[in-house]
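For reference, the chains in residue letters:
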Amino acid sequence: MKIFTTVKDMKNFSRECHCAGKIIGLVPTMGALHEGHLSLVKASKEKCDVTIVSVFVNPTQFAPNEDFDAYPRTFEKDVAKLKLLGVDAIFHPSPEEMYPAGFSTYVNVEGGLTKKLCGASRPTHFRGVATVVTKLMNITQADESFFGQKDAQQVAVVKRFVTDLNLSPKVNMLPIVREESGLALSSRNAYLTSEEKISALALSRGLKKAEATFFAGEKNSAALKKIVADELATEPSISADYIELLKYPSLEETEFVEGESLLAAAIFIGKTRLIDNIILTPNS
Ligand code: AMP
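Because the structure is predicted, anything quoted here is derived from the model rather than measured. (Residues numbered from 1 in each chain as written. Predicted model: local features only at pLDDT ≥ 70, side-chain atom pairs only at ≥ 80, totals over all residues. Heavy atoms only, no water.)

Novice: Let's hear about the packing of aromatic side chains: which residues, and what values?
Specialist: Scanning all chains against the criterion turns up seven aromatic pairs. Ring plane angle 45 degrees and centroid distance 5.2 Å describe the contact between Phe 4 and Phe 13, whose orientation is recorded as tilted. Accessibility expressed as a relative area gives 12% for Phe 13, which makes it buried. The interplanar angle of 85 degrees and the centroid separation of 5.4 Å between the aromatic rings of Phe 103 and Tyr 106 together place this pair among those described as edge-to-face. (Phe/Tyr/Trp six-rings, centres within 6.5 Å; stacked < 30°, edge-to-face > 60°. Buried < 20%, exposed > 50% of the residue type's maximum accessible area, 1.4 Å probe, protein only.)

Novice: Got a sec to walk through empty space enclosed by the protein? Specific residues and values, please.
Specialist: According to the stated counting rule, one finds one cavity of 30 Å³ or more in the structure shown. Taken as a whole, the largest cavity encloses approximately 60 Å³ of empty space. Around the largest cavity sit Lys 150, Leu 183, Ala 184, Ser 186, Asn 189, Ala 200, Leu 203, Ser 204, Leu 274, Ile 275 and Asp 276, which together line it. Those elements that provide at least two residues to the lining of the largest cavity are α10 (201-215) and β9 (272-280). If one sorts the elements of the lining of the largest cavity by residue count, β9 sits on top with three residues. Of the residues belonging to the lining of the largest cavity, the class tally is six nonpolar, three polar and two charged. (1 Å grid on protein atoms, 1.4 Å probe; cavity = no way out; pocket = protein on both sides within 12 Å on 5 of 7 lines; lining within 4 Å. Points joined across faces, edges and corners; volume = space filled by probe spheres on them. Helix = DSSP H or I, 4+ residues; strand = E, 2+ residues; numbered from the N terminus. Nonpolar A, V, L, I, M, F, W, Y, C, P; charged D, E, K, R; others polar.)

Novice: Quick rundown of the layout of surface pockets? Include the residues and the values.
Specialist: What the second largest pocket holds in volume is close to 150 Å³. Among the residues making up the lining of the second largest pocket, the classes are represented as ten nonpolar, three polar and two charged.

Novice: Pulling in residues and values, what's your account of the side chain of Glu 231?
Specialist: Within the secondary structure layout, Glu 231 lies in helix α11 (residues 221-233). We classify Glu 231 as buried; its relative accessible area is 8%. A polar atom in the side chain of Glu 231 sits 2.8 Å from the side chain of Arg 205. Ignoring sequence-local partners within four residues, the contact set of Glu 231 consists of Ala 202, Arg 205, Gly 206 and Lys 209. (Polar contact = N/O pair within 3.5 Å; in protein donor to acceptor, adjacent residues only side chain to side chain. Contact = heavy atoms within 4.5 Å.)

Novice: Which residues make up helix α2 (residues 35-47), and what values go with them?
Specialist: For α2, with 13 residues, the first-to-last C-alpha span of 18 Å sits near the 18 Å given by 1.5 Å per residue. Buried within α2 are the following residues: Gly 36, His 37, Leu 38, Leu 40, Val 41, Ala 43 and Ser 44. (Expected span 1.5 Å × (residues − 1).)

Novice: Describe the sheet that holds strand β4 (residues 89-91), listing the residues and the values that go with them.
Specialist: Ordered in space as β1-β4-β3-β2-β5-β6, the six strands form an open sheet in which the pairing is parallel. One side of each edge strand has no neighbouring strand; the edge strands of this open sheet are β1 (2-4) and β6 (170-174). Going from strand to strand, the sheet's axes swing by 25 degrees on average, the running direction of each strand aside. When β1 meets β4, the two strands line up parallel, connected through three bridges. (Pairing = 2+ DSSP bridges. Axes fitted to C-alpha atoms, helices over the stretch in contact; angles between N-to-C directions.)

The values are spatial; any link to function lies outside them.
Take a look at the structure:
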């Protein structure tokens, strides 16, 4: 397994792969890898000849008051996990390599896609995500890219700019990997105390209850959101950032679940912000 830290070396590797007629898969991550990330790697290994995993805690997607410095960095452990899965290359650049002096070009997806849900409380987040993912796609010359439904809004944003900017990679979305308890795996779960981890289960529990009620025939957005809100209210240590039900992937408002819809929530528990969602599909 190769580890590249410069754009030049990463590009050379990708060029050689393409010259040999190989299909390249890219899995963008910020490291602190868990089974959720590894499910994306496995999907890429299945679909592509060559899998590149980027491990880069991207400063431009964090606001100054957010957890960029505290974000878990476990590179040696990540390398061992990726080696076991037979990954071909890791791209692990420094912030200076990705954003050298003079850097001043950003990718900005306009409108509700980046302003709603996480975009409301993190107004510069998706500009950072869109910029770094565009750069990673260009550097690796990927044919396929792999993202988790855990960040369903991110996938909608990525699909939008890949289409708008005529980028090459196909965008694949993989299901959320959860602990047996229901808690969605997240690098930020490392911030939770054992009590907070138990309290946090109200989030997945609320979404699951709403999903069951939806399958039982409830299509009203307000009613489904209330089920999540009521479940979160059972845990005094949780404050909700948002609970939304929107059409997916357009993220347009909808009073009733008619087509594919995203029921998504973000919560604060202690200092930690967690997100989770389910996609509701009528007649599924
Ligand atoms: P991150 O390192 O948090 O930026 O995540 C990198 C990729 O892994 C993103 O596409 C995430 O959506 C995906 N991911 C994170 N957690 C999970 C999970 N529990 N299940 C599936 N994919 C995940």
